[in-house]
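Structural overview
Here's the letter readout for the chains.
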2 protein chains.
Amino acid sequence: MLSQATMSQPHGAVRRFATVPPCPASLKSLFGGQPVETFEPGTAVFWEGDEARHVFEVVEGVLRVFRILSDGRRVITGFLYPGDLLGVSLKDQYLYTAEAVNRTKLRRYEHGRFQDEINRSPELRPQLFACLCDEMAAAQDQMVLLARKSAEERVASFLLLIARRLGGDVRQPVIEIPMTRLDMADYLGLTIETVSRTMTRLTNCRVIAPSSRHALVVRKLGKLALLAGESDADDKDGAGGRAIQQAVWPN
Amino acid sequence: MLSQATMSQPHGAVRRFATVPPCPASLKSLFGGQPVETFEPGTAVFWEGDEARHVFEVVEGVLRVFRILSDGRRVITGFLYPGDLLGVSLKDQYLYTAEAVNRTKLRRYEHGRFQDEINRSPELRPQLFACLCDEMAAAQDQMVLLARKSAEERVASFLLLIARRLGGDVRQPVIEIPMTRLDMADYLGLTIETVSRTMTRLTNCRVIAPSSRHALVVRKLGKLALLAGESDADDKDGAGGRAIQQAVWPN
DNA sequence: CAAAAATGTGACGGTTTGTAACAACCGGGA
DNA sequence: TCCCGGTTGTTACAAACCGTCACATTTTTG
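Criteria and thresholds
- Residues numbered from 1 in each chain as written.
- Chains lettered and ligands numbered in written order.
- Predicted model: local features only at pLDDT ≥ 70, side-chain atom pairs only at ≥ 80, totals over all residues.
- Heavy atoms only, no water.
- Pairing = 2+ DSSP bridges.
- Helix = DSSP H or I, 4+ residues; strand = E, 2+ residues; numbered from the N terminus.
- Axes fitted to C-alpha atoms, helices over the stretch in contact; angles between N-to-C directions.
- Contact = heavy atoms within 4.5 Å.
- Salt bridge = Lys/Arg side-chain N within 4 Å of Asp/Glu carboxyl O.
- Polar contact = N/O pair within 3.5 Å; in protein donor to acceptor, adjacent residues only side chain to side chain.
- Near = heavy atom within 4 Å.
- Nonpolar A, V, L, I, M, F, W, Y, C, P; charged D, E, K, R; others polar.
- Buried < 20%, exposed > 50% of the residue type's maximum accessible area, 1.4 Å probe, protein only.

Right, let's talk about the sheet that holds strand β2 (residues 44-46) of chain B for a bit. Residues and elements named next belong to chain B. Taken in spatial order, the four strands line up as β2-β7-β4-β5 in an open sheet, and their pairing is antiparallel. Both edges of this open sheet fall to β2 and β5 (74-80), since each of them pairs with a single strand only. When the angles between neighbouring strand axes are averaged without regard to direction, this sheet yields 30 degrees. Here strand β4 (residues 63-68) runs beside β5; their pairing, made up of six bridges, is antiparallel. When the bridges of β5 are listed, Arg64 appears paired with Phe79. The strands touched by helix α5 (residues 181-188) are β4 and β5; relative to β5, the strand with the most contacts, the crossing angle is about 105 degrees.

In structure tokens:
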């Protein structure tokens, strides 16, 4: 799923001249020609406030994206997996810091040229648009989680999210958790202790089983979905799927 | 800040024929030709799960956008003000419900035609892109608020947000709060009681002064910014602005 | 004007936090 | 290979913040 189409990149001058340029068919192929850069665990790709020069594609590894309040409180707004884009925004400064969780490989694309390519290609545009919409949907899910879910629901939701992101292949319930408990806590708006306690409880309930420190087995996916709220119980693991239209909320 | 440029709206048939069409220069003018629809307070523009047929522009009034968990918990993910767009996403279903807070006027645009217009116009595209990026930035701010801020910081942040949204004109510290306490609570991830108590406390501190039930005066904008966290203290109302680079976070 | 809804305020309790001590794990170096 | 220090993860307990419940008060609606 990747690098094809290196081709000649149009330099600054060429913009609107319809000389039938390479015109990559997919976002991946856009990055395909770029060299791969490696980031060691804990190293930053860029910092909040840095001038936003580049857009990145995650090739391998996991990144955390976060902001820090003036007194040190950290909020992780998302984790990035292979295939995700990083730094897509029109601001001239990055709004957040991006750090490698584990050893990570990225491809870099210069921001202005990225915009040009997007602007030029009616193929790429909807793909980018779709990416942004997915990101927005994820952000809304996260707002729901942070605003109203209990600690247990948050942890369950998180595990479910990871399980789904990895388990494109079904019935492979061993999920890797490359991030630390602190990462999870700062993503879920909890403390490490609460995360720990909650995972212990889920283990005692036989919903999950620890595999190693950064991997576990999901034993009851349906139960997990139930605990996560969202009524995402439309999985194939039992668990009653209630899709009842909700009562109208009072003004 | 609004309806200029009515111009002839291109009717259904005309789509890709380059007959030098109106080609609106701004998103506003795109909606300019559409009729204005009015929604009474509490009425829904659309529901979560509805087929996403239209994109809307808010002409007047305020909307709340929310999702509801299976057991009734509500999370308001945002409030929309005049000039904002509603329903911009590529999903075939709306991901949230949109309701009028007060009497609201909207213009509607058919989804497919909206996409066509956007695709065709190199002027409109960056505007839409900017809208999405702003929305994304707002969502991230909200995640920070929900994940790590105290009740007082949340309320202060909210008031500050409203004050800035309205107060394009400086030094006009009377801000209207059209939404109910329950709306505020469901937006801030708190209960109505906590919102009430916190606003009382802010009143006692002379930071705000109630005007009517849905309006108040911000007496100390700088203090409010300070209480809101974010170190947004780069306002012009005193309050030390600390912009110290944060210590690097351990792994 | 009466009834319903929204808001404000207090006491109390629960979930989560913070502190701390301890256990488990990882990575080097001898 | 084993040992050892530092990091990470777990558990216990007291405290804090916010939610729950209850009710008074104000505002809105019919």
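A few words now on the sheet that holds strand β7 (residues 97-100) of chain A. Residue and element names in this part refer to chain A. Taken in spatial order, the four strands line up as β2-β7-β4-β5 in an open sheet, and their pairing is antiparallel. Edge positions in the sheet fall to β2 (44-46) and β5 (74-80), since each has one partner strand and no second. Neighbouring strand axes in the sheet, compared pairwise and without regard to direction, differ in orientation by 30 degrees on average. As paired strands, strand β4 (residues 63-68) and β7 are joined by four bridges and run antiparallel to one another. Along β7, the bridge assignment pairs Phe66 with Thr97. In this fold helix α5 (residues 181-188) packs onto β4 and β5, with an angle of close to 105 degrees to the strand it touches most, β5.

Right, let's talk about the interface of chain B and chain A for a bit. Listed as interface residues are 57 residues of chain B and, on the opposing side, 56 residues of chain A. In this assembly, chain B and chain A are joined by eight salt bridges. Glu153 of chain A is paired through a salt bridge with Arg73 of chain B; the nearest N and O atoms lie 2.7 Å apart. Applying the counting criterion to the chain B and chain A interface returns 18 residue pairs in polar contact (both at pLDDT 80 or more). For the side of chain B that touches chain A, the secondary structure elements donating two or more residues are β4, β5, α2 (111-120), α3 (124-148) and α5 of chain B. For the side of chain B that touches chain A, the element with the highest residue contribution is α3 of chain B, accounting for 19 residues.

Moving on, we get to the protein's contact with DNA strand C. For DNA strand C, the set of nearby residues contains 18 residues, the closest of which are Glu193, Thr194 and Arg197 of chain A together with Ser196 and Thr200 of chain B. When atoms of DNA strand C within 4 Å of the protein are sorted by moiety, sugar and phosphate together comprise 62%. Contact between DNA strand C and Arg181 of chain B: a phosphate oxygen at 2.8 Å from a side-chain N or O atom of the residue. Residue assignment for the surface near DNA strand C shows that the elements contributing at least two residues are α6 (192-204) of chain A together with α6 (192-204) of chain B. Counting residues per element, the surface near DNA strand C draws most heavily on α6 of chain B, which supplies four residues. A breakdown of the residues in the surface near DNA strand C according to their chemical character gives two nonpolar, nine polar and seven charged.

Let us now look at the environment of Glu176 of chain B. Residues and elements named next belong to chain B. With respect to the element layout, Glu176 can be found in strand β9 (residues 174-176). In the structure, Glu176 is positioned 37 residues away from Arg213 in sequence and 9.2 Å away in space, judged by C-alpha atoms. Excluding residues that lie within four positions of it along the chain, Glu176 makes contacts with Ile162, Leu166, His214 and Ala215.

Moving on: the side chain of Thr97 of chain B. Residues and elements named next belong to chain B. Secondary-structure assignment places Thr97 in strand β7 (residues 97-100). By relative accessible area, which is 4% here, Thr97 ends up buried. Only 3.0 Å separates the side chain of Thr97 from the backbone nitrogen of Glu48, close enough to count as a polar contact.

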